Amino acid sequence: MNKRNFIKALGLSGLALAKPSLPALAGTAEKPQSMEKTGVQHRVWINPDPREKAADLAKRYATYRKAGITDLFFEADSEVHFRAAKAAGIKAHRWMWTMNRGEKELLASHPEWYAVNRKGESCSDHPPYVDYYRWLCPSKPEVINYLKSQVEQALSKNYVDGIHLDYVRFCDVILPVNLWSKYGIDQSKELPEYDFCYCNDCRSAYKTAYGKDPLEIAHPDQSPSWRKFRYDRITNVVKNLAQVAQQHKKPISAAVFPTPEIAKRIVRQDWTNWPLNAVMPMIYHGFYRENITWIGDAVAEGVKTLHGAFPLYAGLFLPDFNNNYNDLREAVKLAIDNGAAGVSIFGDMTPEVLRVLGESV
């Protein structure tokens, strides 16, 4: 299922973005392309339709480039789209689902790779929230090797300019508040059926490091060391995938939750400490019942915490704006004024949206 349909079905954003790269990736850092006015650059998440013609794509992506869009994240491997984007002067990245992998073949062949909740249920056969939520366990070497092979396969193609990670986290232990009523859940505290991962590998590794089984902790949701352990599990996955990108001399980026604090609290995601070339926090204000002012706050928090490690592009969810282009214009300005290198757009790229983006570059 593509990301756009997935979000409609789930009600969640998986995509749920200052300056040089970290030293480990110095050789692969994104080098800003020269822009006519401000140096601002924008990105777009796209589910490509392989049936579209190269000539039509050439015209479309030329308008994207004129609007200051320098990078596209493609959810599927469509060579015609990648090459059309590159011909228009836009970098084409392969957008990859990382820890959330519900392919039937994988579920059938390796059910033991999947994360287990605090009740002892595996999301291989007890997916949380919706059927598409099938989370791999980051503690298993086999999982890491599998994901490395996926990145290797993508980056070995000469028309792929970089890898973009999505769902690089644990399952949402707490949903954005706007979704509680949708699922009939009160998540004012962490519930065991949504708290991952308590598989034997995770429990054993934590016990080796800290001397106790997390299931023996009276309130594991309140344990700082158990939280840190899981942050570090995901960070280790990213480090391994970044090594593959470095070997190919291609950039690696990620779609992450909107602020460092929210990301750590609800999906165990410590993205400010990842070896990336760029990050796209999904600052989807409607999901958190916030107005557009919060977009600037979220950008400021991320930029401050990054300390210039790599650029941040504010992820904006177009349906949240309800076709109010003045609000979209203000959101883009708030993001840039608070230190974002640009914005990353999820939604339909209408002429009006392109016009707003073009005004900022």
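Parameters and conventions
Residues numbered from 1 in each chain as written. Predicted model: local features only at pLDDT ≥ 70, side-chain atom pairs only at ≥ 80, totals over all residues. Heavy atoms only, no water. Axes fitted to C-alpha atoms, helices over the stretch in contact; angles between N-to-C directions. Helix = DSSP H or I, 4+ residues; strand = E, 2+ residues; numbered from the N terminus. Parallel < 35°, antiparallel > 145°, perpendicular 65-115°, else oblique. Left-handed = near helix turned anticlockwise from the far one by under 90°. Contact = heavy atoms within 4.5 Å. Nonpolar A, V, L, I, M, F, W, Y, C, P; charged D, E, K, R; others polar. Salt bridge = Lys/Arg side-chain N within 4 Å of Asp/Glu carboxyl O. Buried < 20%, exposed > 50% of the residue type's maximum accessible area, 1.4 Å probe, protein only. Arc of directions from axis to C-beta.

An unreviewed UniProt entry lists the protein chain under the name Family 10 glycosylhydrolase, with Chitinophaga oryzae given as the organism.

Trainee: Looking at this model, I keep getting lost on the packing of helix 7 (residues 200-210) against helix 8 (residues 224-247). Mind explaining?
Mentor: Working note: a packed helix pair is described by the angle between its axes plus the distance between those axes. Their axes nearest at 11 Å, the elements helix 7 and helix 8 cross at an angle of 120°. Judged by the inter-axis angle, helix 7 sits oblique to helix 8. In terms of crossing hand, the pair formed by helix 7 and helix 8 is right-handed. Within the contact between the two elements, helix 7 uses Cys202, Ala205, Tyr206 and Tyr210 and helix 8 uses Ser225, Trp226, Lys228, Phe229 and Arg233. When its residues are assigned to classes, the contact of helix 7 with helix 8 shows six nonpolar, one polar and two charged.

Trainee: It is not clear to me how the pattern of salt bridges should be interpreted in this structure. Could you clarify?
Mentor: Two side chains bearing opposite charge may form a pair once their charged atoms approach each other closely. Enumeration over the complete set of coordinates arrives at 21 salt bridges. A salt bridge links Asp195 to Arg230; its shortest N-O distance comes to 2.8 Å. Placement of the pair is Asp195 in the loop between helix 6 (180-183) and helix 7 and Arg230 in helix 8, with a sequence separation of 35 residues. Taking relative accessible area as the criterion, Asp195 reaches 0% and is therefore assigned buried. Under the relative-accessibility criterion, Arg230 is labelled buried at 0%. Between Asp195 and Arg268 there is a salt bridge; the shortest N-O distance is 3.1 Å. Pair noted here: Asp195 is in the loop between helix 6 and helix 7 and Arg268 is in the loop between helix 9 (260-267) and strand 6 (278-281), with a separation of 73 residues, a long-range link. Comparing Asp195 with Arg268 shows no difference in burial state: the two are buried. Overlapping salt bridges bring together Arg118, Glu190, Asp195, Arg227, Arg230 and Arg268 as one network.

Trainee: It is not clear to me how helix 3 (residues 79-87) should be interpreted in this structure. Could you clarify?
Mentor: Counting along an α-helix, one turn takes 3.6 residues, and residues three or four places apart therefore face a common direction. Those residues of helix 3 lying buried are His81, Phe82, Ala84 and Ala85. Buried residues along helix 3 cover an arc of 165° about the axis, so they all sit on one side. Of the residues flanking the end of helix 3, it is Gly89, one or two places downstream, whose phi is positive at about 85°.

Trainee: Explanation requested: the packing of helix 2 (residues 54-66) against helix 3 in the structure shown.
Mentor: In contact at an axis separation of 9 Å, helix 2 and helix 3 are set at 40° when each is read in the N-to-C sense. The pairing of helix 2 with helix 3 is recorded here as oblique in orientation. Between helix 2 and helix 3 lies a crossing of right-handed hand. Across from Ala54, Leu57, Ala58, Arg60 and Tyr61 in helix 2, the residues of helix 3 making contact are Val80, His81, Ala84 and Ala85. Each residue belonging to the contact of helix 2 with helix 3 can be placed in one class, and the counts come to seven nonpolar, one polar and one charged.

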